[in-house]
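Take a look at the letters that make up each chain.
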Amino acid sequence: MTTLLPPTPLSPPSSTSPFPFTQNLIFNSFSSSTLTCKATNSSFQPHPTSNSSNPTSLITSKNPFSASPDNTLLTLLQQRKTDEAWLYYTKNLDQQLPNPTCLSRLVSQLSYQNSTISLRRAQSIIQRLRHERQLHRLDANSLGLLASAAAKGGHVLYAASIIKSMLKSGYLPHVKAWSSVVSRLASCGDDGPIESLGLFRAVTKRIRRLSNLDLVKHSRPDTAAYNAVLNACANLGDKNRFLELFNEMSEFDCEPDVLSYNVMIKLCARGDRKDLLVFVLERILEKGIPLCMSTFQSLVAAYVGFGDLVTAEKVVQAMREGRRDLCKMLREGNVEEVCLNDSDVFDKLLPNSVNWRDNEPPELSRVFEPNSRMYTTLMKGYMNAGRVTDMVRMLEAMRHLGDSESHPDHVTYTTVISAFVKQGLMDRAREVLAEMVRIGVSANRVTYNVLIKGYCQQLHIDRAEELIKEMIDTGIEPDVVSYNTIIDGCILVDDSAGALSYFNEMRARGIAPTKVSYTTLMKAFASSGQAKLANKVFDEMLKDPRVKVDLVAWNMLVDAYSKLGKVEEAKSVIERMKENGFYPNVATYGSLANGIALARKPGEALLLWNEIKQRCGMGNGEESIPSTGVPPLEPDEGLLDTLADICVRAAFFRKALEIVACMEQHGIPPNKTKFTRIYVEMHSRMFTSKHASRARQDRRKERKRAAEAFKFWLGLPNSYYGSEWRLDSVIDDEYKSE
């Protein structure tokens, strides 16, 4: 079976045009406000909205179900009977749309339920209103709640599209709505942190345009919003933008809290500034900000990330001993590591780190005892270092600690299971799972996903399938990671049909595919030589608004066609890629070159080389393209070696010399032994015929000169022995003779 189930996308508002609102409104209340503000260039005047009617005045009958459909729907919503209200709405789909109050309240309550089904229902209302160009019936509260619920449900791109469309249409969402989307984007992979920064800037830019701050007080960024965008900067390692936003907080009357400095610990870690970690802790103490356990967890995690398990152990041990001189202890082990360079930004973020030798390290205000999360973080360090024995010993020690907060929890046991899976010890990993069941520590979805991955890596797909069923039987619903893992396992055993089956099962269960889901399934079809099906999956990914297609996905499709030698189809994909704003990289060209070699089309190799030559800056005059906006290319050995191989086999010696010159220019040693073997086997008798006519001998004169130059480069007997030659002189002579 190779039929893909129809997707169930959470269709966002159109990205090409704003909501077709009939009014330019800015809503300021995240609660059930009854006033809106009409935007003008100078000021904003509150006025009653069409949604502000008294709900109770709409019910004119003692029996509400004998009243109008709007009254009936509103009554159900007021009684918090959201499911019944939804059913009543669906039964009247063919009739006139409910009034704005009912629609906004229905979307709000569905979003507030925060379940997959309710979220899909709310989005279906958005789809219908957009189709009928009636989205102006919804207020900002309902749209903001939907965006927040979608972000929490993992549909971050959809949530971001709602906030962006609200801004385009004159709506200003509540800070709790837009900051939740910023926070989720900051932690996403790919371009999530960059999108997070962009969304934050878009909202704050709109707020700055307004002179009446009272009207936007519910949308102004708070400390939590700044912490979210600072986290995006930390994930990007962008210290300059971090400093800019950190200083900007005072503009909106925000003060950094302990979470702000926890994020700063991450920034120091990403910036490879282990020496500054202690000064972040000291800065918190100097400013009198109440400490929390998350700060110590962040410190231990940072040291573990640096691979400094000795210092991480010291922190945990000092806390176990009830020591309050933690800063002094960290300073003593930090003296030789303090970096004096690249400190312009960090000097401003941490002014206490400039003349730290002149100041005594502060002490903690009270004793903090390590909890299970800190022990677990240290155990992850042991796992990464391959110290499984130490990790098991710590688990046993945690079990016997008197403090219940330090006892191992499901995260601790999952860490142990991950370590055993990493070592390939699946039986011991299952024993830990059985131990969790015995002592009453519930395994979660992550625990099972780790085990599923372990069995797939060992090609035991049947056992992975059993774990999926076990999850469902214990009331744990598999998520997209569960299915992505087992789909990848099917690829490892060359079972593309099984991969498709699980993909369809995932969507049938209402689990939205991710980019990994699509690309993994594409990999399954590509590896089995079914490029058309891989293309079909790719087209569905393009249509899915929740997924952002990247260069990796495009390259996978190019590779699928290239492996079959379908050069024209691969080139067509590359053209589509360029039309969508993606420039081929080394992997793209490498796949196409392999396809050209497989199809034995050396002429295509010449066209490809001309494009690569321009991207490498080797073009002459107008052939060079640095001013066109196309990024330069840094070729690798695989790409150039494949192209040179094709040209040598096709006797395109002049082009082969250009390619090997490019290889030497980029520090890539050409494989002369291989090219010598190819030449001797295929071309050693070239130009040896004594019966060729004079005209024919003249026509092949240029090719012979290039062949002699290539033989000279290989070190074979040739007419250039005893004289010096250069590639450009050979090419110039050829052009002169043409």
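These numbers come from a predicted model, not from an experiment.

How each quantity is defined
Each chain has its residues counted from 1, running along the sequence as written. Two thresholds apply to this predicted model, a pLDDT of at least 70 for residue-level local features and 80 or more for giving and counting side-chain atom pairs, whereas whole-chain, interface and lining totals are computed over all residues. Water and hydrogen atoms were dropped before computing side-chain values, which therefore reflect all heavy atoms in the structure. Note on conventions: DSSP H or I runs of at least 4 residues are helices, E runs of at least 2 residues are strands, and numbering of each starts at the N terminus. Only protein chains enter the accessibility calculation, which uses a 1.4 Å probe; a residue whose area is less than 20% of its type maximum is buried, one above 50% is exposed, and one in between is partly exposed. In this description, accessible areas are obtained by the Shrake-Rupley approach with a 1.4 Å probe, and a residue is regarded as covered only by the protein chains that are shown. One number per residue, pLDDT, summarises how confident the predictor is, and it ranges from 0 to 100. Any two residues having at least one pair of non-hydrogen atoms within 4.5 Å are treated as being in contact. UniProt positions are given in the numbering used here, feature names are shortened, and annotations may be inferred rather than shown by experiment. Stacked, tilted and edge-to-face pairs are distinguished by plane angle, under 30 degrees for stacked and over 60 for edge-to-face with tilted covering the rest, among Phe, Tyr and Trp rings (Trp via its six-membered ring) whose centres lie within 6.5 Å. Criterion for a charge above a ring: Arg CZ or Lys NZ at most 6 Å from the ring centre, at most 35 degrees from the ring normal. Throughout, an axis means a line fitted to C-alpha atoms (over the contacting stretch in the case of helices), and angles, computed between N-to-C directions, take values from 0 to 180 degrees. Orientation is classified from the angle alone, with under 35 degrees giving roughly parallel, over 145 giving roughly antiparallel, 65 to 115 giving roughly perpendicular, and any other angle giving oblique. The criterion is simple. A nonpolar core is a set of buried Ala, Val, Leu, Ile, Met, Phe, Trp, Tyr and Cys residues joined through side-chain atoms within 4.5 Å. Each residue after the first adds 1.5 Å to the expected span of a helix. Pairs of N or O atoms within 3.5 Å make up the polar contacts considered here, provided that, within protein, one atom can donate a hydrogen while the other can accept it, and that residues adjacent in sequence are counted only when both atoms are side-chain atoms.

**Quick look at the overall build of the chain**
Right, so step 1: Regarding its fold elements, the chain presents 36 helices and 3 strands.
Right, so step 2: The proportion of buried residues among the 738 residues of the chain is 50%.
Right, so step 3: With the model as given, the accessible surface of the chain reaches about 35,300 Å², and the carbon-plus-sulfur share is 49%.

**Section: the confidence of the model for the chain**
Residues shown with low pLDDT carry predicted positions that ought not to be read at fine detail.
Right, so step 1: For the chain, mean pLDDT is 81; residues scoring 70 or higher make up 83% of the total.
Right, so step 2: Across residues 721–738 the pLDDT falls below 50, and counting only partners more than four positions away or on other chains, this stretch makes 23 contacts in the model.

**Points about the UniProt feature "repeat: PPR" (unreviewed entry) in the chain**
Right, so step 1: Per the UniProt entry, the sites bearing "repeat: PPR" (unreviewed entry) are residues 222–256, 257–291, 371–405, 409–443, 444–478, 479–513, 514–544 and 550–584 in this numbering.
Right, so step 2: In this annotation, residues 444–478 is assigned 74% helix and 0% strand; the end-to-end C-alpha distance for the span is 10 Å.

**Thoughts on the packing of aromatic side chains**
Right, so step 1: One pass over the full model with this rule turns up 17 aromatic pairs.
Right, so step 2: Between the aromatic rings of F538 and W554, the centroid separation amounts to 4.6 Å while the plane-to-plane angle is 65°, which identifies the pairing as edge-to-face. With F538 in helix α26 (residues 531–543) and W554 in helix α27 (residues 551–562), this pair connects stretches of sequence that are 16 residues apart.
Right, so step 3: Among the residues examined, F538 registers a relative accessible area of 0% and is labelled buried.
Right, so step 4: By relative accessible area, which is 0% here, W554 ends up buried.
Right, so step 5: Members of the aromatic cluster, connected to one another through ring pairs, are F653, F675, Y679, F710 and W713.
Right, so step 6: Looking at R366, its charged tip hangs above the ring of F368, at a distance of 3.9 Å from the centre.
Right, so step 7: Its guanidinium or amino end placed over the ring of W713, K672 lies 5.0 Å from that ring's centre, counting from NZ or CZ.

**Considerations on the packing of helix α25 (residues 515–527) against α26**
Helix packing for two helices is described by the angle between their axes and how far apart those axes are.
Right, so step 1: Relative orientation of the contacting elements α25 and α26 amounts to 170°, with a least axis distance of 7 Å. Looking at the two axes, α25 sits roughly antiparallel to α26. When α25 is examined against α26, the residues K515, Y518, T519, L521, M522, F525 and A526 are found in contact with a partner set consisting of A531, L533, A534, V537, F538, E540 and M541.

**Structural notes on the nonpolar core**
Right, so step 1: Judged by nonpolar contacts, the single largest core of 217 residues is most densely connected at L349 and F710.
Right, so step 2: Sequence-distant contacts of F710, defined by excluding residues within four places in its chain, comprise V648, F653, A656, L657, F675 and Y679.

**Details of helix α31 (residues 637–649)**
Right, so step 1: Taking 1.5 Å per residue, 13 residues should reach 18 Å; α31 reaches 18 Å between its end C-alpha atoms and fits that length.
Right, so step 2: The buried count for α31 comes to 10 of 13 residues, which makes it a mostly enclosed element.
Right, so step 3: For α31, the full list of buried residues reads L639, L640, D641, T642, L643, A644, D645, I646, C647 and V648.
Right, so step 4: Looking at the packing, one finds that the buried side of α31 touches α29 (586–599), α30 (602–615), α32 (653–665), α33 (672–683) and α35 (701–714).
Right, so step 5: Directly after α31, the chain includes A651, whose backbone phi takes a positive value near 65°.

**Here's the deal with the side chain of S161**
Right, so step 1: For S161, the location among the structural elements is in helix α6 (residues 156–168).
Right, so step 2: A polar contact of 2.6 Å, which involves the side chain of S161, links it to the backbone oxygen of Y158.

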